Amino acid sequence: WLGVPVGGIAGLFGSLVGVGGGVIMVPMMTCRPLQLQARFASATSLVAVLGTGSVAAVCYTYDGLVDPVGAGIIATFAMLTAPAGARATMRISNVALKRIMG
């Protein structure tokens, strides 16, 4: 049942700051020359990593590296908490959001 808090935190924090490939993309999008607001960079990053994450998931599954039960539990709770992170992104100031993102 460790997947419940892991998935919950991942969904909340992931949708808040745009993690995954977003660890690279978000800082690049918020700096020159793009200078996107942090919330736009977070949202854009999440959409962009959707494709890469899906492809990687298929590859890992094909290679037998995925625990389907664990992945299902984590994914379920991540999806349940992701809307809260997305809503929080809209309520937090751009300055505070950039601090959270590092």
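Residues numbered from 1 in each chain as written. Predicted model: local features only at pLDDT ≥ 70, side-chain atom pairs only at ≥ 80, totals over all residues. Heavy atoms only, no water.

Points about the overall build of the protein chain
Looking only at helices and strands, the protein chain features five helices and zero strands. Beginning at the N terminus, the succession of helices and strands in the protein chain can be written as α-α-α-α-α. Out of the 102 residues belonging to the protein chain, those deemed buried represent 23%. If you take every contact in the protein chain between residues at least 6 apart in sequence, the share linking residues at least 24 apart comes to 73%. (Helix = DSSP H or I, 4+ residues; strand = E, 2+ residues; numbered from the N terminus. Buried < 20%, exposed > 50% of the residue type's maximum accessible area, 1.4 Å probe, protein only. Contact = heavy atoms within 4.5 Å.)

Notes on unusual backbone geometry
For the bond from Arg32 to Pro33, the omega torsion is 5°, close enough to zero to count as cis. Relative to the helices and strands, Pro33 is located in the loop between helix H2 (22-30) and helix H3 (38-62). In this model, Gln35 sits at a positive phi of 50°, which is unusual for a non-glycine residue. Among the secondary structure elements, Gln35 is positioned in the loop between H2 and H3.

Here we look at the packing of H3 against helix H5 (residues 94-101)
The geometry of H3 relative to H5 is characterised by a closest axis approach of 8 Å and an angle of 50° between their N-to-C directions. Here H3 lies oblique to H5, going by the angle between them. Here Ala38, Arg39 and Ser42 of H3 lie close against H5, whose contacting residues are Asn94, Leu97, Lys98 and Met101. Its residues placed into classes, the contact of H3 with H5 shows three nonpolar, two polar and two charged. (Axes fitted to C-alpha atoms, helices over the stretch in contact; angles between N-to-C directions. Parallel < 35°, antiparallel > 145°, perpendicular 65-115°, else oblique. Nonpolar A, V, L, I, M, F, W, Y, C, P; charged D, E, K, R; others polar.)

So, the environment of Phe13
With respect to the secondary-structure elements, Phe13 resides in helix H1 (residues 3-17). By relative accessible area, which is 41% here, Phe13 ends up partly exposed. Taking C-alpha positions, Phe13 is 9.9 Å from Thr89, a pair spaced 76 residues apart along the chain.

A short note on helix H4 (residues 68-91)
With 24 residues, H4 extends 35 Å between its outermost C-alpha atoms, agreeing within 8% with the 34 Å of an ideal straight helix rising 1.5 Å per residue. At Thr81, H4 is bent by approximately 35°, the largest bend along its length, and proline Pro83 sits one to four residues beyond. (Expected span 1.5 Å × (residues − 1). Bend = angle between axes of the 7 residues up to and from the residue.)

Topic: the confidence of the model for the protein chain
Close reading of the predicted structure is inappropriate where its pLDDT is low. In this model, the protein chain carries an average pLDDT of 83, and 86% of its residues clear a pLDDT of 70 or more. Here H1 stands out as the least confident element of the protein chain, with mean pLDDT 70; H4 is the most confident, with 93. (pLDDT = per-residue confidence, 0-100.)

Brief notes about the environment of Thr81
Within the fold, Thr81 resides in helix H4. For the pair formed by Thr81 and Ile9, sequence separation is 72 residues and the distance between their alpha carbons is 7.5 Å.

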